[in-house]
Amino acid sequence: MSLKLDGKKLSLEIEEKLKNYISFNERMAKRRPGLAVIRIGEDPASGVYVKNKEKACSRIGIKSYIYNLKDTVDQKEVEQLINKLNLDKNIDGILLQLPIPNKFHDQRLISNINPSKDVDGLNEHNIGKLVKNEDAMRSCTPAGIINLLRSQNIRIEGKKIVVIGRSLLVGKPLSLMLLNLNGTVTMTHSKTKNLIDICKEADILIAAAGKPNLINSSFVKEGAVIIDVGIHRLKTDDENKTRLCGDVLLEDVIPKVFAYTPVPGGVGPMTVTMLLVNTIISWQKQFGLSSTLNDLVP
Ligand code: NAD
């Protein structure tokens, strides 16, 4: 039987540790960790993600500051808000909820975030440190995936790993993290030729293409580990209902693999958990608290 890599369960276990860490250290720091989340515009999915992050913060004792900005604000105003939050002593992490409306330059805004508060690990300082395999804030989804693999002692070192997707959010930082952990990594993308043949070689196959059910069992080696990053809401035959699926046609793939991540309940919850971890580690550094959580950052 294949092993389910249960992100929901692992994220609850890590949350328990984080909650204890905060309550143990709060007196020394004289305040709880603080996370600012900036959302621009009315994208409904972003609204749900921000709410989930807010709830996760309150479960473990992080104080969240939510900024819902109208899309009538301009780039300069958002930059000013980020600058203000950079200087705010109560804020340890700043997250810009993506995607934002096209009129904004998202990378320029992310570059404005102080690297020590860049809890999404997406600004060039932190990406540069990742390239150099130096300590820094790591982006959440890739770091969550590495924790999921480690939780079941799935070796990365020496393994052939194929990553589908080269985005700055997932594919690129994930490939670099796996490379730093001595995996033999192949990064693929929409222009890759013979994707299926490349995937069939993988001991660990990670799908982050953003294409529903792209990967079926013919892409997968017997006994491989498959990680599904994709998340899509599809309409069902019943007009009023929708269902979530990933990039992987799971029911076809599960019988062939050693381990897999479900959608929902796999990578998604781990992404939120790593945001909490990054915020607390920023708080920890600010107050010189114990580094017992550092193993969670690849
Ligand atoms: P993106 O659109 O920025 O990047 C997709 C990448 O996949 C691109 O590099 C593209 O070249 C590649 N690609 C597209 N079609 C392909 C194909 N047919 N074959 C091979 N490569 C192909 O998307 P993203 O931000 O990296 O997100 C990818 C998916 O992961 C989306 O479904 C997104 O919703 C999901 N996601 C989930 C989480 C989570 O926490 N679960 C977090 C981030 C993203």
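Residues numbered from 1 in each chain as written. Predicted model: local features only at pLDDT ≥ 70, side-chain atom pairs only at ≥ 80, totals over all residues. Heavy atoms only, no water.

Draft legend 1. Representation of the overall build of the protein chain in the model. The secondary structure content of the protein chain amounts to ten helices and eleven strands. At 19 Å, the protein chain has a C-alpha radius of gyration in line with the 19 Å of a compact globule built from 298 residues. Expressed as lengths along the three principal axes of its C-alpha atoms, the size of the protein chain is roughly 55 × 45 × 35 Å. In the protein chain, once contacts between residues fewer than 6 apart in sequence are set aside, the share between residues at least 24 apart is 69%. Of the roughly 14800 Å² of accessible surface on the protein chain, a fraction of 51% belongs to carbon and sulfur atoms. The average position of the 42 basic charges and that of the 33 acidic charges among the side chains of the protein chain differ by 3 Å. (Helix = DSSP H or I, 4+ residues; strand = E, 2+ residues; numbered from the N terminus. Rg over C-alpha atoms; globule rule 2.2 N^0.38 Å. Contact = heavy atoms within 4.5 Å. Areas by Shrake-Rupley, 256 points an atom, 1.4 Å probe, with all protein chains shown as cover. Lys, Arg positive; Asp, Glu negative; His and termini not counted. Charge placed at Lys NZ, Arg CZ, Asp CG, Glu CD.)

Draft legend 2. Fine view of the side chain of Ser175. Mapped onto the elements of the fold, Ser175 is located in helix α7 (residues 171–180). When neighbours within four sequence positions are excluded, Ser175 is seen to be in contact with Val163, Val185 and Met187.

Draft legend 3. Quick look at the layout of surface pockets. In this model, the second largest pocket occupies a volume close to 410 Å³. In terms of lining, the second largest pocket is formed by 22 residues, of which the most central are Asp135, Ala136, Met137, Lys285 and Val297. Elements with a contribution of two residues or more to the lining of the second largest pocket: α5 (124–131), α7 and α10 (267–287). Here the residues of the lining of the second largest pocket sort into nine nonpolar, eight polar and five charged. (1 Å grid on protein atoms, 1.4 Å probe; cavity = no way out; pocket = protein on both sides within 12 Å on 5 of 7 lines; lining within 4 Å. Points joined across faces, edges and corners; volume = space filled by probe spheres on them. Nonpolar A, V, L, I, M, F, W, Y, C, P; charged D, E, K, R; others polar.)

Draft legend 4. Geometry of the domain arrangement of the protein chain. Taken domain by domain, the protein chain comprises domain 1 (30–115) and domain 2 (140–268). The centre of domain 1, based on its C-alpha atoms, is set 28 Å off from the matching centre of domain 2. (Domains from an automatic or database assignment.)

Draft legend 5. Just the sheet that holds strand β1 (residues 3–4), in detail. Strand order in the open sheet formed by six strands is β1-β11-β8-β7-β5-β6, with parallel pairing between adjacent strands. The sheet is open, and its two borders are formed by β1 and β6 (184–188), each paired with just one other strand. Pairing analysis gives five bridges linking strand β5 (residues 160–164) to β6, with the strands arranged parallel. Bridge pairing links Val162 to Thr186 in β6. Here α7 sits on the sheet in contact with β5, β6 and β7 (204–207), set at roughly 170° to β6. (Pairing = 2+ DSSP bridges. Axes fitted to C-alpha atoms, helices over the stretch in contact; angles between N-to-C directions.)

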